[in-house]
Amino acid sequence: MNDPVPPFPLTRVALATGVELDTVMLGDPAAPPIILLHGFPESHRTWRHLLPDLARDHHVIAPDQRGYAGSSKPDGVEAYAADRIVADLLVLADALGIDRFTLVGHDWGGAVAWMAALRAPDRVERLVILNAPHPYVFQRALLDDPEQRAASQYITRFRETALDGGWTGTALERFFATGLARHAAAHLLGPEKAIYLEQWSRPGAMTAMLNWYRASRFLVPAPGEDPPRPAWIDAPFPPIRQPTLVIWGMKDKALLPGQIDGLPDVVPDLTIVKLDAGHFVPWEAPDAVLNALRNWLPAPSSPQETSEK
């Protein structure tokens, strides 16, 4: 399942939010919809090993989110604030005539998915998260867990705008080797290297991708720092109301396994599947991820059953 995967057809979708997203759409549009959101520094190809199987009985939608690959890259950090990215998701569903849907997210895509589930419970029917921390659990860990705080110092580096002027070919090769390849075996990542480098080298791409970190409101203290605590962090937090599946690669070096420990307090209807994989679990362990999804998702009705309802 880790052999090279050919390109998927992309449809350019213009959204009411003012951006255009290149989007993979597979399967029968009448089938149950499932939207998959990738994270940093990837694209729809995060899901390359899962899309064909899911499309057998779902309408599968996998956009390149704003700032990534060939999708729009609006100027300014504020263009990548959470509200705008969640809005992209909802108006993409609107544009495709989709009301309620299963939402799947990895990394930053998972962060968007958590927020969308909280803010649009009438649209997000079921939630699947892969190695993406819940915002409340993550912020508490950044304040109270020295190990997670140390592991998250890369966020502070990514927020430095001085990075933006130096993304030459050599720098992108270095970023691939030090920022991505250290998280996965070479035989898994190697076939995608040329695709990554091409996507990252597009004008404004690296700045746009890093702007997701700059626009986020997470407080990332330096090791040993004792900053004032945000008032909301010790107050009750709204629960996730949807049935939720969390798939976690337990070898993640950036988002430590402790991120799943606090989830039962904020996700009442929770299933957790722990996998022997790292951060990029959708393509490090695709068979196990697909098995977890298939065991958890309701079996779609057959076309005949749907027509009889």
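All figures in this text were calculated on a predicted structure; none of them were measured in a lab.

*Asks:* Break down the overall build of the chain for me, citing the residues and quoting the values.
*Replies:* Tallying secondary structure elements over the chain gives 13 helices and eight strands in all. In terms of overall size, the chain behaves like a compact globule, its C-alpha atoms giving a radius of gyration of 19 Å where 309 residues would be expected to give roughly 19 Å. Taking all 309 residues of the chain together, 54% fall into the buried category. Of the contacts made within the chain by residues no fewer than 6 positions apart, 76% connect residues no fewer than 24 positions apart. Of the roughly 13,200 Å² of accessible surface on the chain, 54% is carried by carbon and sulfur atoms. Across the chain, the centroid of the 28 positively charged side chains sits 3 Å from that of the 37 negatively charged ones.

*Asks:* Provide a residue-level description of the side chain of Asp107, including the pertinent values.
*Replies:* Counting through the fold element by element, Asp107 comes out in the loop between β5 (101–106) and α3 (108–119). Arg182 is the oppositely charged side chain nearest to the buried, salt-bridge-free Asp107, at an N-O distance of 11 Å. At 2.8 Å, the side chain of Asp107 forms a polar contact with the backbone nitrogen of Phe40. Reaching out from Asp107, the side chain makes a polar contact with the side chain of His279 at a distance of 2.8 Å. The residues touching Asp107, leaving out its near neighbours within four places in the chain, are Gly39, Phe40, Leu130, Asn131, Ala132 and His279.

*Asks:* Just give me the short version of the nonpolar core, but keep the residues and values in it.
*Replies:* Counting residues in hydrophobic clusters, the biggest one holds 73 residues, and the most contacted among them are Phe40, Phe101, Leu103, Trp114 and Trp200. It is α3 that contributes the most residues to this core, eight residues altogether. Those residues in contact with Trp200, other than ones at most four positions away along the chain, are Pro41, Leu172, Phe175, Phe176, Leu180, Ala205, Met206 and Met209.

*Asks:* Could you give an account of helix α4 (residues 135–144), naming the residues involved and the relevant values?
*Replies:* Of all 10 residues in α4, eight are buried; the element is thus mostly enclosed. Among all positions of α4, only Pro135, Tyr136, Val137, Phe138, Gln139, Ala141, Leu142 and Leu143 are buried. Where α4 is buried, its residues meet α3, α5 (146–151) and α6 (153–158).

*Asks:* Describe the environment of Asp164, and please don't skip the residues or the numbers.
*Replies:* Counting through the fold element by element, Asp164 comes out in the loop between α6 and α7 (169–180). For Asp164, a relative accessible area of 24% gives the class partly exposed. Ignoring sequence-local partners within four residues, the contact set of Asp164 consists of Thr207, Leu210 and Arg214. One polar contact links Asp164 to Arg214, side chain to side chain, over a distance of 2.8 Å.

*Asks:* Let's hear about the packing of aromatic side chains: which residues, and what values?
*Replies:* Applying the stated criterion to the full structure yields 20 aromatic pairs. When the centroid spacing of 6.2 Å and the interplanar angle of 80° are considered together, the rings of Tyr154 and Tyr213 count as edge-to-face. Within this pair, whereas Tyr154 is found in helix α6, its partner Tyr213 is found in helix α10 (residues 205–215), the two being separated by 59 residues in sequence. For the pair Trp232 and Phe237, a centre-to-centre distance of 6.1 Å together with 50° between the ring planes defines the contact as tilted. Note on Trp232: relative accessible area 38%, which makes it partly exposed. Ring-pair connections join several aromatic residues into one group, and the members of that group are Phe40, Tyr68, Trp108, Tyr154, Phe158, Trp167, Phe175, Phe176, Tyr196, Trp200, Trp212 and Tyr213.

*Asks:* Please set out the pairing of strand β4 (residues 59–63) residue by residue, giving values where relevant.
*Replies:* For a regular strand, side chains alternate in direction, first toward one face of the sheet and then toward the other. β4 sits mainly inside the fold: five of its five residues count as buried. By the alternation rule, side chains of β4 split into His59, Ile61 and Pro63 and Val60 and Ala62, which are all buried. Two strands pair when backbone bridges link them, and strand β2 (residues 20–26) and β4 are joined in this way by four bridges, in the antiparallel orientation. When the bridges of β4 are listed, Val24 appears paired with Ala62. As paired elements, strand β3 (residues 33–37) and β4 share three bridges and run parallel to each other. Across the sheet, the residue bridging to Pro33 is His59, located in β4.

*Asks:* Before we move on, could you go through the pattern of salt bridges and cite the residues and values that matter?
*Replies:* Counted under the stated rule, the structure contains 18 salt bridges. Here Arg294 makes a salt bridge to Asp57, at a shortest N to O gap of 2.9 Å. One end of the pair, Arg294, is in helix α12 (residues 286–296); the other, Asp57, is in the loop between α1 (51–54) and β4, with 237 residues separating them in the sequence. Overall, the relative accessible area of 24% leaves Arg294 in the partly exposed class. Across the pair Lys193 and Glu173 runs a salt bridge, and its minimum N-O distance is 3.0 Å. Here Lys193 is found in helix α9 (residues 193–200), whereas its partner Glu173 is found in helix α7, with 20 residues between them in sequence.

What counts as what
Residues numbered from 1 in each chain as written. Predicted model: local features only at pLDDT ≥ 70, side-chain atom pairs only at ≥ 80, totals over all residues. Heavy atoms only, no water. Helix = DSSP H or I, 4+ residues; strand = E, 2+ residues; numbered from the N terminus. Rg over C-alpha atoms; globule rule 2.2 N^0.38 Å. Buried < 20%, exposed > 50% of the residue type's maximum accessible area, 1.4 Å probe, protein only. Contact = heavy atoms within 4.5 Å. Areas by Shrake-Rupley, 256 points an atom, 1.4 Å probe, with all protein chains shown as cover. Lys, Arg positive; Asp, Glu negative; His and termini not counted. Charge placed at Lys NZ, Arg CZ, Asp CG, Glu CD. Salt bridge = Lys/Arg side-chain N within 4 Å of Asp/Glu carboxyl O. Polar contact = N/O pair within 3.5 Å; in protein donor to acceptor, adjacent residues only side chain to side chain. Core = buried A, V, L, I, M, F, W, Y, C linked by side-chain atoms within 4.5 Å. Phe/Tyr/Trp six-rings, centres within 6.5 Å; stacked < 30°, edge-to-face > 60°. Pairing = 2+ DSSP bridges.

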